[in-house]
Structure formats: structure tokens, C-alpha cells
Amino acid sequence: MKNIISVKNLGKDFKIRQNKNVITGLWRPDFRIVSAVADISFSVNGGESLAILGPNGAGKTTTIKALTGLIYPTRGEVSVLGFLPFDRNPEFLQQIGLLMGNKAGLNWDLTANQSFYLLREIYHLEPASCEARVNELAELMSVKHVLDVPVRKLSLGERMKLELIGAIIHSPRILFLDEPTIGLDIVAKKKIRHFLREIQARYKVTIILTSHDMADVEKVCDRVIVINKGNKIYDGLVEQLVDDHNEEKMVKFYFETTPTILPEILQAELITTSDDGVVFKVKTNQMPQLISQITTAWPVLDIDIYATPLEDIIESLFRK
Amino acid sequence: MKELVSKIKMRLNILRVNTVNTFQGETAYFGNNWGNILSTFLYTVVQILFVQVLYSQINTFAGYDKNQMYFLLFVSQLGFYTNWTWGEVNHRLLIEDVRRGILDFLLVLPVPSLWYVTFRKIPLLTIARDALPNLVLLAWLINWAHLPLVVGNVVLAVLIFILGIIAWESFCFLLLLPVFWHGESKQIYSLCYVLRDNENVPWEGYRPVFQFTFSVIVPTLFMAMIPVSVALGKVDGWPMFSLAVAVATVFVILKKIFWKIALKNYTSAS
């Protein structure tokens, strides 16, 4: 696959006003420079689905904004589809779509169809094929029945689904998603994840996503970049990331009556204990001994063995 | 040449679709649409009463008789409504969009961004609803046959009026741009109200220093006072037209330059 995004030593600093003294700050304001992105390099191939992860303030959204040309980088080089994003070349903008979970792009007072009319004209889409595409996407998202309802009267889930349709109405080659499932209920989240996978497979769209929800990453993306304090700390396949941390397993024991006192067992780490069961983290090669020790000492109803959750893996990366 | 035609076509298309979209938005809150008529109508009535009182004491003011003063009031109200319903609506919308980071969605559209934000709302319904009743009332009060209007002067006056609207829109646009640096500019922008408050004093009533200030530095007089003076043949039209072209050009260029600088400083609120 062809390389369509190239980022070299990207950095973005913001000048933040901070007045310790309210009075003197009026005529002599204090500023400090905050580096939202310090030094990030990576590249993306066409058709990839990439998640950019990091704690709050890590620089995820700033990276996406630099890739879409919304903000001007302080340093470094960014090339997307062969264009410098900040030049905002119409040919470049015609090929990207943007969805931001915490912002509303559709006009609040109009219906989704009225907003789509505006987008249709802006992107020079043929009316009949545009209508067919909207209907197809709305069908996939189960929002066809609300296309002519004013956006202000819709639920958050319906609105986000329509925002997503608006972001891909022009069949972009790259879709940028900044926390697309934020605030949504589990049903809407699942629907959006499924939809994103579907359009990626169907239209070969390259997806760049930021999220705090690991399920978004696991269900939608193949590759992950983890950034912290403006620097890249991991870049690889999601599968690989999980495999790399596969030397440990989580083992959950279900008891009729959960033991109140558990002795220190081998090198296993006690993660949680509740009426629901007890969870240990243990090295894979020591797992049989742990199971044997526990089942000998207490009557066990059931055992679950699973890999370390992605959330825990990412958290351990943040801590490094 | 082909590229130029395509650029013009794209801009005209933006005007068309934004007009349709604005109309759809204007009709969304139909019940609220008529609330503004009363306040604008009362304002016009107060202005008419002021002219009545003024001319019950004197015959002319700065060389203008009562009929010519009504004509000045008519043109200044026309300028006011054009600015209020088009320029100001788009300016306030832009301030809010920058503050809330909604400008992101406009900047990723494949359209000329400055043109788009300038003409995002074209509220024809609002203009018709708020401006027409008042303008009709003023037009009815004017004795048009007694105005010394000559076609050539009127054409120049209309052109100066249009250039004045363009210059003033650009001037006010510059006043909103601090929002890109400070995250807010409504108070700075409100200077536009104060500076425009001189609209009912004839051009001839200003001292030269104020004529210069309010035409070249703060271009308010091109929206009513100068076009009226030109239309009535009180001042030579061509020098005023040339000045209007120069001022409008400078302000449009400044608008374009500072828009580019502002976008470089856009931080896009999260």
C-alpha cells in the first residue's frame, strides 16, 4: 500500500496566558509556552486504520488538527496525500473527512438533509448519487427515519451517526475521527464501530482515530500509536501490542464463597477480589501452578483465563 | 482564464447555497421572526420625530432641508440594515465559531475560507422583514420630485454606497480578529456600533479632520453621508468615488492579509 501520510519531527507549541496577579496581569500579562506536541514522526499507508492513543493532554487531537490543516505546526514536516495540510488546497480538502465527537458540525436549526444539501453543493456531488449514498449510509446506521428532523431534536447517538454520514458524504480517502464515540451509550458505540469497519472494508477509507475507549481501538483499528507528553512511545499493530504483553495472563476464579484471606501465591499478583470472584495476574508459564494451588485449597466453581486487557497495556505504557 | 471563471463560479455557487441554507434556518424559528420588527420600527419613528422637531426650529441643517434630511435618513438606514443583517450576523457567528472551535468544520471544506465566512449567512427574509417596512415609511415621507437628483450623480452615489459597505464590512472584520489570539473579541467588535453612530449627520456638517478620519481611517461616511452628498450634487462625485475605491481596496487587502495571519494563529479550541 502506498504511503499517504508522512509526519517528520512534528511539534506544536501554544502560548498560554497565565496571570497569577489579576491586577498586574491587566497590563503586564504573563505567558508560558506549552508544547502540545514535542516531536512526533510516523507514516501511514493507504487503507490503514490507525489509532492515536494517549492520556488527556498527550497531543492526540493536536496531531489530528495538524494533519487536517486546522493548525499550523511550530516545527517539523507534515505531508498528507502529497499536500501540505495547512495550505488547504481544495484538492486536498476534497479527499479528507473530519468528525469530532465533542463538536457539532451539522447546523443545529436545520435537518440533516438540509445540511447535506449544502455539503453536496460544496463537494460538487451529483444529486441522485448523493441521495443514494446518504440513504445507503443512513440505512446502515439506522437513522433514515430522522433525516428530515431538525438536528436539535435528535438524541446524541442519532446526531453523531448523522455527523459521521456528513463527514463521509463525499467519499473521502482519509477519515479523521477525534473521539467519535464520546458520551454515547453502548448500543450507539457498537453501531458506530461496526459502521466504521464496514466503510473501511467497502470503500478502502484510511481511518485515523483518537479515543479513550479501548473498544474503539480494538474493533476499528489495526495499528496503534501511543503518545505521551507530546512524544511517541509506541507504534505498532494492535495485535502485536497485545502479543508483546502476552507473557502475562489474567486468571479469574469463581467461588461459592469467596475466601476472605488469600495467601501470597507464587509470583501471581492479586488484582481484584469481590463477591463476583478473584482475579490474579500471573506469568503464563506459572499459570498451571497457580490454578493447582487455588483449586486444591478452595472449592472453585469456574475459571476464566484471558489476556491482559488493552486498557491495562496502554496504561502501563503511559507509566513508562 | 478558465481557472478564473471556475473560481468565480465557485464563489457564486457558495452565495447561492448559503442563501438557501440561511433561508431554511430563518424559517426554523418562525414564531420568533417577527419580534424584531417592533424595535426597528420604533427606532425609525424616533428618528423621524427628531427630524420633525429639529426642522420646526430651523430651515436647514449643514445645508440640508427637511426633505434632504429624510433622504439621508433613508440611505443611512439602508446601509445600517445591510450591515446589520449581513455583515454583523456573519461576524458574530465567526467569533462564536472560533471561540468554540466550530471553525474546524468550515476550514476542512474545499471552499475559499474567507469568502465562505463572509457570506455564510445571507438572510434575505430578515432584510425583507426588518428593513422593508421602515424603508417604505421613509421613502413615503420623502418628496422625491423636490430632490435635485441627476442620473450620473445617483449612479456614482450607488457605487460609493456599495464600496462603503465593503470597506465597513472589512473594517469590522478586522475588529473581530483578536478572537484568534485572545479567545474573545465581542467587546472590541462592539466598537463598530459606536463608530457607526454618526450616521445621521450630513457630510458637510463635519470638520475636515473628522471628514478625513471617518472616511479614510474609520470608513463609516461612505455608507450614507458621502453617497447622499454626491447624489444631491453637493460634492463632486468622481474624487469621492476614487477615494471610495482606494479605501475599499485597502481594507479588503488588509482583511485578506490579517485573515491569513489569524488562521496561522488559530488554536482550534478543544
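Computed from a predicted structure; not experimentally measured.

A.B. asks: An account of the interface of chain A and chain B is requested, with residue identities and associated values reported.
C.D. replies: Where interface size is given, it is often the accessible area lost as the parts come together that is meant. Every contact between the two is made by 31 residues of chain A and, on the other side, 30 residues of chain B. Where chain A abuts chain B, roughly 2,800 Å² becomes buried across the two surfaces, and 61% of that area is made up of carbon and sulfur atoms. For the pair chain A and chain B, the interface holds 7 residue pairs in polar contact (both at pLDDT 80 or more). Listing elements by their share of the side of chain A that touches chain B, those giving two or more residues are helix H3 (90-93), strand E5 (96-100) and helix H4 (112-122) of chain A.

A.B. asks: An account of the packing of helix H3 (residues 66-100) of chain B against helix H7 (residues 151-176) of chain B is needed here, citing residue identities and associated values.
C.D. replies: Residue and element names in this part refer to chain B. Running from N to C, H3 and H7 point in directions that differ by 30 degrees, and their axes come no closer than 10 Å. In terms of their interaxial angle, H3 and H7 are classed as roughly parallel. For H3 against H7, the interelement crossing comes out right-handed. Here Val 75, Leu 78, Gly 79, Thr 82, Asn 83, Trp 86, Gly 87, His 91, Leu 94 and Ile 95 of H3 lie close against H7, whose contacting residues are Phe 161, Ile 165, Trp 168, Glu 169, Cys 172, Phe 173 and Leu 176. Its residues assigned to classes, the contact of H3 with H7 comprises 11 nonpolar, 5 polar and 1 charged.

A.B. asks: Requested: an account of empty space enclosed by the protein, with residues and values cited.
C.D. replies: All names here are of chain B. Tallying each qualifying case throughout the model produces 2 cavities of 30 Å³ or more. The space that makes up the largest cavity amounts to roughly 70 Å³. Taken together, Asn 83, Gly 87, Glu 88, His 91, Trp 168, Glu 169, Cys 172, Tyr 189, Cys 192, Tyr 193 and Arg 196 make up the lining of the largest cavity. Where the lining of the largest cavity is concerned, the elements lending two or more residues are H3, H7 and helix H10 (191-195). Across the lining of the largest cavity, the residue classes break down as 5 nonpolar, 3 polar and 3 charged. Its boundaries defined by the atoms lining it, the second largest cavity holds a volume of some 60 Å³. Considering the residues around the second largest cavity, the lining is formed by Ser 76, Gly 79, Phe 80, Arg 196, Asn 198, Glu 199, Thr 220, Met 223, Ala 224 and Met 225. Broken down by element, the residue count for the lining of the second largest cavity peaks at 3 residues, all from H3. Classifying every residue of the lining of the second largest cavity gives 4 nonpolar, 4 polar and 2 charged.

A.B. asks: I'd like a rundown of the layout of surface pockets, residues and numbers included.
C.D. replies: Gaps left between atoms show up when a probe the size of a water molecule is rolled over them. There is about 1,400 Å³ of room inside the largest pocket. Residue lining of the largest pocket: 48 residues in total, with Asn 107 and Asp 109 of chain A together with Leu 93, Arg 120 and Lys 121 of chain B positioned closest to the centre. Every element with two or more residues in the lining of the largest pocket is listed here: E5, H4 and helix H6 (156-168) of chain A together with helix H1 (2-26), H3, helix H4 (103-107) and helix H6 (124-141) of chain B. Here the lining of the largest pocket is built from residues that sort into 21 nonpolar, 15 polar and 12 charged.

A.B. asks: Which residues make up the UniProt feature "transmembrane region" (unreviewed entry) in chain B, and what values go with them?
C.D. replies: Residues and elements named next belong to chain B. Mapped onto this numbering, the UniProt entry gives "transmembrane region" (unreviewed entry) at residues 37-55, 67-86, 98-119, 131-149, 155-181, 212-232 and 238-254. In this annotation, residues 131-149 is assigned 58% helix and 0% strand; the end-to-end C-alpha distance for the span is 23 Å. Counting secondary structure, residues 155-181 comes out at 93% helix and 0% strand; the distance between its end C-alpha atoms is 41 Å.

Conventions and cut-offs
- Residues numbered from 1 in each chain as written.
- Chains lettered and ligands numbered in written order.
- Predicted model: local features only at pLDDT ≥ 70, side-chain atom pairs only at ≥ 80, totals over all residues.
- Heavy atoms only, no water.
- Contact = heavy atoms within 4.5 Å.
- Buried area = accessible area lost by both parts, 1.4 Å probe.
- Polar contact = N/O pair within 3.5 Å; in protein donor to acceptor, adjacent residues only side chain to side chain.
- Helix = DSSP H or I, 4+ residues; strand = E, 2+ residues; numbered from the N terminus.
- Axes fitted to C-alpha atoms, helices over the stretch in contact; angles between N-to-C directions.
- Parallel < 35°, antiparallel > 145°, perpendicular 65-115°, else oblique.
- Left-handed = near helix turned anticlockwise from the far one by under 90°.
- Nonpolar A, V, L, I, M, F, W, Y, C, P; charged D, E, K, R; others polar.
- 1 Å grid on protein atoms, 1.4 Å probe; cavity = no way out; pocket = protein on both sides within 12 Å on 5 of 7 lines; lining within 4 Å.
- Points joined across faces, edges and corners; volume = space filled by probe spheres on them.
- UniProt positions renumbered as here; feature names shortened; annotations may be inferred.

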